[in-house]
Each structure stands twice: as structure tokens, then as C-alpha cells.
Amino acid sequence: MPLPPPVGRQHLHTRRVTCQGFFREDGLWDIEGRITDEKSYEHANEWRGPLQPGDFVHDMSIRLTLDHKFTIVDVEAVTDKSPYRMCGDITPAFKKLIGLRIGGGFHREVRARLGGVHGCTHIVELLGPVATTAFQTVSSKKAAELNRAHREKAGTLPATDPDAPKKPRRRPYMLDTCHTWASDSEITKRWVPDFYTGPDAEAVRAANAGKEVEMEG
């Protein structure tokens, strides 16, 4: 359903954020983000001269390369368009993210390393959707298939013991992060019954004992 019709108005600004996730042939993951800003009218810029409608005021990108534990092993950041010449000088500082793991406390640590004058406001802001894109990329069934096939080919897949007790399932990262994924919601009950906390939780877990529930992406 689209937004309701607005009152009369004039378009002034467009910001676009695009994020993509990739599985690499070496078994790592690339998560890329790009942020652009543009005006719908001509305006002055002291460094670049007049900017025409549609010219990017900002055009900045970052690539995080992750291992299978969501640890950042490499970073590339670029500033292709900016309102001031010196904006791009700070991009090498984003190498400070190497070694950081995307997970609990990630944004706090990003601010500690790159907040304020130690980073670029726009690229730091971009790291939010980049982080969630990492989870969306790696948590899919397709990603698991690609990762397993690569590890089998490389001979790094651990041997399985059919008699070993089954490991408990990890708590899903999205649990209790929104209304839909509340621990007592119907969605949690359907897709991750082991973590369901509704009034019928015991019966739900008993009914699903031993079953594999294949969660949708």
C-alpha cells in the first residue's frame, strides 16, 4: 500500500542508500554500501562550483570484507563526491574497523573508533544498514549452501560425528528486535519455536521437538 496522497509540495532533496552482499570465491563475504545525496535545483559550491540538479553532493561507498564469524578482515572506503575537498582525506581511517566483529556492541565500537572528528558522518551512518545487510546476506539458506560447498572443496569442513549430541540452536539475531519478531509472536512461534515464549510455549516446543523448521529469508 503506498503512502496517502500528500498536500501540494516541491521536491528538494533525495538521499539514496544502497547495500549489497556477496559471497566471495575465497570463502569470505563482501558487504558494500553506497550513500548519495542530490538536490533538485542548482546551488553553489565553493570548491566544485555550481552544482546542477541531480549532481551528487555526496557520493560515498564502503566495502567490509567479513569472515564466517562476522569479523571484519578488510575495509575499503571511498569518497567520490563531497562538498569539501578534504572530506575524502579521512577514508583511510576506516581501516580501524579491521578486527571488529559485527554483532552486539558493534555501533558503540564504531563510534569509539570513528565518531566525531575521527571519521566521516555519512560513511559512519552508512555502517548501520551495511551491518544489517551482512546479517541478511549470511543468514540465508543460499549463503549456507555456498559456504558449505566452498569448505568441502577446500577441505576445511569439520568431520561430523553421527553419535555426537545435537548442538542447541543459537538465539536468532532478529528476536525481540521488532514487533513481528517479539519472542511471543506468531512468527516466532512458527519459525523458531525453540525460542517462543507465549502462553502455550511448552506445548509448542513439545510439538516441534526433533523437527527441522526451515526459516524463510
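In what follows, the structure referred to is the one given above.
Just so it is clear, the structure is predicted and the values come from calculations on it, not from any experiment.

Conventions and cut-offs
- The written sequence of each chain sets the order in which its residues are numbered from 1.
- Under the rules for a predicted model, residues below a pLDDT of 70 receive no local features and side-chain atom pairs below 80 are neither given nor counted, while totals for whole chains, interfaces and linings still include all residues.
- Working from all heavy atoms in the structure, the side-chain values ignore hydrogens and water.
- The numbering of helices and of strands both runs from the N terminus, where a helix is a DSSP run of H or I of at least 4 residues and a strand a run of E of at least 2.
- Both definitions apply: the radius of gyration is a C-alpha atom measure, and the globule rule equals 2.2 Å times residues to the power 0.38.
- For each residue, the accessible area found with a 1.4 Å probe, counting protein chains only, is set against the maximum for its type, and the residue is called buried under 20%, exposed over 50%, and partly exposed in between.
- By the convention used here, residues are in contact when the closest approach between their heavy atoms is within 4.5 Å.
- In these tables, accessible area is a Shrake-Rupley quantity obtained with a 1.4 Å probe, and a residue counts as shielded only by the protein chains included in the view.
- Whenever a nitrogen or oxygen atom comes within 3.5 Å of another N or O atom, the pair is scored as a polar contact, on the condition that within protein one atom can donate a hydrogen and the other can accept it, and that pairs from neighbouring residues in sequence are kept only if both atoms are in side chains.
- Each salt bridge in this description consists of a side-chain nitrogen of Lys or Arg and a carboxyl oxygen of Asp or Glu lying within 4 Å of one another.
- The definition of a nonpolar core used throughout is a set of buried Ala, Val, Leu, Ile, Met, Phe, Trp, Tyr and Cys residues joined through side-chain atoms within 4.5 Å.
- What counts as a ring pair is set by centres within 6.5 Å for rings of Phe, Tyr and Trp (its six-membered ring), and what kind of pair is set by the plane angle: stacked under 30 degrees, edge-to-face over 60, tilted for all other angles.
- Two conditions define a charge sitting above a ring: the NZ of Lys or the CZ of Arg must be within 6 Å of the ring centre, and it must be within 35 degrees of the ring normal.
- Should DSSP find at least two bridges between two strands, the strands are taken to pair.

## Section: the overall build of the chain
Then comes step 1: When you go through the chain residue by residue, the secondary structure sums to 5 helices and 4 strands.
Then comes step 2: When the helices and strands of the chain are read in sequence order from the N terminus, they spell out β-β-β-β-α-α-α-α-α.
Then comes step 3: For 217 residues, the compact-globule estimate of 2.2 N^0.38 gives 17 Å, and the C-alpha radius of gyration of the chain, at 22 Å, exceeds that figure by more than 25%.
Then comes step 4: Viewed in the frame of its principal axes, the chain has a C-alpha envelope of about 70 × 50 × 30 Å.
Then comes step 5: Across the 217 residues that make up the chain, the buried fraction comes to 34%.
Then comes step 6: Long-range pairs, those at least 24 residues apart, make up 48% of the contacts in the chain with a sequence separation of at least 6.
Then comes step 7: Taken as a whole, the chain presents about 14,500 Å² of accessible surface, with 54% of it coming from carbon and sulfur.

## A closer look at the side chain of Asp30
Then comes step 1: Topologically, Asp30 is positioned in strand E2 (residues 29–39).
Then comes step 2: According to the relative accessible area criterion, Asp30 is buried, its value standing at 11%.
Then comes step 3: A polar side-chain atom of Asp30 sits 3.2 Å from a polar atom in the side chain of Arg24.
Then comes step 4: Among all residues touching Asp30, those that are not within four sequence positions of it are Gln20, Gly21, Phe22, Arg24, Arg63, Leu64 and Thr65.

## Regarding the pattern of salt bridges
Then comes step 1: Scanning the model with the defined rule gives 14 salt bridges in all.
Then comes step 2: Between Arg16 and Glu38 there is a salt bridge; the shortest N-O distance is 2.7 Å. Remark: Glu38 occurs in strand E2 and Arg16 occurs in strand E1 (residues 13–23); sequence separation between them is 22 residues.
Then comes step 3: Looking at Arg16, the relative accessible area reads 46%, which means it is partly exposed.
Then comes step 4: Residue Glu38 is classed as buried on the basis of its relative accessible area of 16%.
Then comes step 5: Residues participating in the shared-partner salt-bridge network are Arg15, Asp37 and Glu125.

## Observations regarding unusual backbone geometry
Then comes step 1: Look at Phe70: it is not a glycine, yet its phi comes out positive at around 70 degrees.
Then comes step 2: Along the chain, the position of Phe70 falls in the loop between strand E3 (56–66) and strand E4 (72–81).
Then comes step 3: Owing to a relative accessible area of 13%, Phe70 belongs among the buried residues under this scheme.

## Topic: the nonpolar core
Then comes step 1: Core analysis: the largest hydrophobic core is formed by 29 residues, its most contacted members being Ile62, Leu64, Leu66, Ile72, Phe94, Leu97 and Ile102.
Then comes step 2: Once you skip the residues sitting within four places of it in the chain, Leu64 turns out to touch Trp29, Asp30, Ile31, Ile72, Asp74, Val75, Leu97, Ile102, Leu127 and Val130.
Then comes step 3: Core analysis: the next-biggest nonpolar cluster, separate from the first, contains 6 residues, Met174, Leu175, Trp191 and Phe195 among them.

## Focus on the packing of aromatic side chains
Then comes step 1: Scanning the model with the defined rule gives 3 aromatic pairs in all.
Then comes step 2: Taking 4.6 Å as the distance between ring centres and 20 degrees as the angle between the ring planes, the aromatic pair formed by Phe135 and Tyr173 counts as stacked. You can see Phe135 sitting in helix H2 (residues 121–138) and its partner Tyr173 sitting in the loop between helix H3 (141–154) and helix H4 (186–191), a full 38 residues away along the chain.
Then comes step 3: By the ring-pair criterion, three or more aromatic residues cluster together here, those being Phe70, Phe135 and Tyr173.
Then comes step 4: The ring of Trp191 has Arg190 lying over it, and the distance from NZ or CZ to the ring centre is 4.1 Å.

## A word on the pairing of E2
Then comes step 1: Along E2, 8 of the 11 residues are buried, which leaves the element largely enclosed by surrounding structure.
Then comes step 2: In the sheet, E1 pairs with E2 via 11 bridges, with the strands oriented antiparallel. The partner of Thr14 across the bridge, within E2, is Glu38.
Then comes step 3: In this antiparallel pair of consecutive strands, E1 and E2, the connection spans 5 residues, and Gly27 shows a positive phi of 90 degrees.
Then comes step 4: Note: E2 against E3, 10 bridges, orientation antiparallel. Paired with Arg34 across the two strands is Ser61, which belongs to E3.

The values are spatial; any link to function lies outside them.
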